[in-house]
Amino acid sequence: MLEYSMFERLPYRSQREALKKEGTLIARRQVNGYTIQLYSLGHTFVEVWTGTEAEVVTTFKKSANAMAVLEPYVAEMETMDWLGENEI
């Protein structure tokens, strides 16, 4: 498994490949024309901000509180159909 310190030093393109190969997509949200995807990579959270003209990979400090990182995604996660069933 790729360690966070190694991931952080990779060029952008390699970071995206590492996320696709070793990361776990946790959630997705929309903000001001950007699609933001939250990944788990090892014991670290990584966000990928994708817009019409740019894509940016950001990471969180090790000391970041997991609940604080997940909070902006909660509303979107609540509306996801996790089991492929309709909501009651």
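A brief report on the enclosed structure follows. (Residues numbered from 1 in each chain as written. Predicted model: local features only at pLDDT ≥ 70, side-chain atom pairs only at ≥ 80, totals over all residues. Heavy atoms only, no water.)

## A word on the overall build of the protein chain
- Counting its regular elements, the protein chain contains four helices and four strands.
- The order of helices and strands in the protein chain, counted from the N terminus, is α-α-β-β-β-β-α-α.
- Expressed as a percentage of the 88 residues in the protein chain, the buried residues total 26%.
- Counting only contacts in the protein chain whose residues sit at least 6 apart along the sequence, the fraction spanning at least 24 positions is 30%.
- When the accessible surface of the protein chain is summed, it comes to about 6,600 Å², and 53% of that surface belongs to carbon and sulfur atoms. (Helix = DSSP H or I, 4+ residues; strand = E, 2+ residues; numbered from the N terminus. Buried < 20%, exposed > 50% of the residue type's maximum accessible area, 1.4 Å probe, protein only. Contact = heavy atoms within 4.5 Å. Areas by Shrake-Rupley, 256 points an atom, 1.4 Å probe, with all protein chains shown as cover.)

## Some words on the packing of aromatic side chains
- Counting across every chain of the model gives one aromatic pair.
- Between the aromatic rings of tyrosine 34 and tryptophan 49, the centroid separation amounts to 5.8 Å while the plane-to-plane angle is 70 degrees, which identifies the pairing as edge-to-face. Separated by 15 residues along the polypeptide, tyrosine 34 in strand β2 (residues 34-41) and tryptophan 49 in strand β3 (residues 44-50) bring together distant segments of the chain.
- Judged by relative accessible area, tyrosine 34 falls into the partly exposed class, the value being 32%.
- Looking at tryptophan 49, the relative accessible area reads 24%, which means it is partly exposed. (Phe/Tyr/Trp six-rings, centres within 6.5 Å; stacked < 30°, edge-to-face > 60°.)

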